Amino acid sequence: GKKLMGNKCVCPRGLMDKGNKCVKPPKKITCRGGKKLMGNKCVCPRGLMDKGNKCVKPPKKITCRGGKKLMGNKCVCPRGLMDKGNKCVKPKKPMAKKPVAKKSMTKKSMRKQ
């Protein structure tokens, strides 16, 4: 490739010098969807994410409180706990009925009859 022009070697018209070789210049990259050219790639600006070839704001980060954990896009109480007033609490165990002491018939009580 290169041709002598004056006292310099230059690439012919339409080619560019890259590492002592004459090459075609890269095609001009056109970015769409709000993307910006960085190097040779189209990327979304800081704070935005690529969704379907468009730059959009990322979904709001969900913060769970009261001991809840994020599952999918909802805050839920871990297994074994229940939601009470926006807090995860241990469920109250139902009170077991105390056995009623039956009067047993003893030999003495049988004699009185």
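Scroll up to find the structure this text is about.
Described below are features of the structure shown in this document. The shown structure was predicted, so the numbers you read here are calculated from the model rather than taken from an experiment.

### Examining the state of the cysteines
Under the definition given, this model contains five disulfides. Each sulfur in the disulfide pair cysteine 11 and cysteine 22 lies 2.2 Å from the other. Its torsion about the S-S bond being -90°, the disulfide of cysteine 11 and cysteine 22 is classed as left-handed. Of this pair, cysteine 11 sits in the loop between β2 (8–10) and β3 (16–17) while cysteine 22 sits in strand β4 (residues 22–23), placing them 11 residues apart in sequence. The class of cysteine 11 is buried, set by a relative accessible area of 18%.

### Focus on the side chain of lysine 68
By secondary structure assignment, the location of lysine 68 is in the loop between β8 (55–56) and β9 (69–71). By relative accessible area, lysine 68 is classed as buried at 15%. Among the polar contacts listed, one links the side chain of lysine 68 to the side chain of aspartate 83, at a separation of 2.8 Å. Not counting residues up to four positions away in its chain, the partners in contact with lysine 68 are Cys75, Val76, Cys77, Asp83, Asn86 and Cys88.

Procedures and definitions
Residues numbered from 1 in each chain as written. Predicted model: local features only at pLDDT ≥ 70, side-chain atom pairs only at ≥ 80, totals over all residues. Heavy atoms only, no water. Disulfide = S-S within 2.5 Å. Helix = DSSP H or I, 4+ residues; strand = E, 2+ residues; numbered from the N terminus. Buried < 20%, exposed > 50% of the residue type's maximum accessible area, 1.4 Å probe, protein only. Polar contact = N/O pair within 3.5 Å; in protein donor to acceptor, adjacent residues only side chain to side chain. Contact = heavy atoms within 4.5 Å.

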